[in-house]
Amino acid sequence: MVGEAFRQYRDDPVPLGMIVVSIANLDVLGKLYGQSAVNHALFVCAGRLRREVPEYAETGRLADDSFLLLVRNCSNSGPLLALARAVQARLSRPVKLNTSFEAGSIGAKQTRWVAEIGVGVLRVYRPDARAASAVAMGRGMSRTAWSYPSRVAWYDEKSGEIVGMPLVPA
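All of these numbers come straight from a predicted model, not from anything done at the bench. Numbering of residues starts from 1 in every chain and runs along the sequence as written. Predicted model: local features are reported for residues with pLDDT of at least 70 only, side-chain atom pairs are reported and counted for 80 or more only, and whole-chain, interface and lining totals are derived from all residues. Note that water and hydrogens are dropped before the side-chain values are worked out from all heavy atoms of the structure.

## Structural notes on the packing of aromatic side chains
Think of it this way: a Phe, Tyr or Trp ring, Trp meaning its six-membered ring, pairs with another when their centres are within 6.5 Å, and the plane angle makes it stacked under 30 degrees, edge-to-face over 60, tilted otherwise. For the structure on display, the rule yields zero aromatic pairs. A ring is considered to have a charge above it if a Lys NZ or an Arg CZ atom is located within 6 Å of its centre and within 35 degrees of its normal. Over the face of the ring belonging to phenylalanine 67 we find arginine 61, whose NZ or CZ atom lies 6.0 Å from the ring centre.

In structure tokens, the structure reads:
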């Protein structure tokens, strides 16, 4: 998905929006409740993501704890940032996971879990940009976002810095 998007970008250099979503607490969930709880959590997160992401954005899995969203023809960062906030809010809602250790005991024991989401937002607009570098930067920003109150980090093109998004008033 990324390779194809960057090949198309080289032929027609229209800005490409990239959002990387990373889940911080999957490893802990696995250590406490096992791989089936992790799979259930990923299934829930993927379903929520699928419902939140508009059809013009491409979505894919990135590593064990991350998802990648690509928006082609992203001439403005505003809608990309709004989507990042919406994704972060949707994926951060609590869920009840099946955490029973016994086979065949679906729903017998449930645990409330909240995904610790970090979102990195990047708009690729330089013709010499490389796919691997852009993905690595987005992934790094999503992990940095775990430390921001808003849990959303983006690359500010004007300042050339990675900044945290301000919190939205409730």
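Next comes the rest of the account.
## With respect to the sheet that holds strand β6 (residues 117-124)
Each strand in a sheet pairs with another by means of backbone hydrogen bonds, the pair being arranged parallel or else antiparallel. If you trace the six strands from one edge of the open sheet to the other, you get β2-β3-β1-β6-β7-β8, paired in mixed fashion. Bordering the open sheet on either side are β2 (57-62) and β8 (161-164), each of which pairs with just one other strand. Direction aside, neighbouring strands of the sheet carry axes that sit 20° apart on average. Where β6 lies against strand β7 (residues 152-156), three bridges are found, and the strand directions are parallel. Each residue of the ladder has a partner; that of valine 121, found in β7, is tryptophan 154. Contacts between helix α4 (residues 77-91) and the sheet are confined to β1 (16-23), β3 (66-71), β6 and β7, with β6 contributing the most and set at about 165° to the helix. Between any two strands, pairing holds if DSSP finds at least two bridges. Secondary structure is summarised from DSSP: a helix means a run of H or I of at least four residues, a strand means a run of E of at least two, and numbering begins at the N terminus for each. The axes used here are C-alpha line fits, helices contributing only the stretch in contact, and every angle between their N-to-C directions lies in the interval 0 to 180 degrees. Should any heavy atoms of two residues lie within 4.5 Å, those residues are considered in contact.

## Concerning the pattern of salt bridges
In the sections that follow, a salt bridge refers to a side-chain nitrogen of Lys or Arg positioned within 4 Å of a carboxyl oxygen of Asp or Glu. The full count for this structure, using the stated rule, is six salt bridges. Linking arginine 90 and glutamate 52 is a salt bridge whose minimum nitrogen-to-oxygen distance equals 3.4 Å. A residue pair is termed long-range when its members are at least 10 positions apart, and arginine 90 in helix α4 and glutamate 52 in helix α3 (residues 35-52) qualify at 38 residues. A salt bridge links arginine 72 to glutamate 58; the shortest N-O distance between them is 2.5 Å. Of this pair, arginine 72 sits in the loop between β3 and α4 while glutamate 58 sits in strand β2, and the two are 14 residues apart along the sequence.

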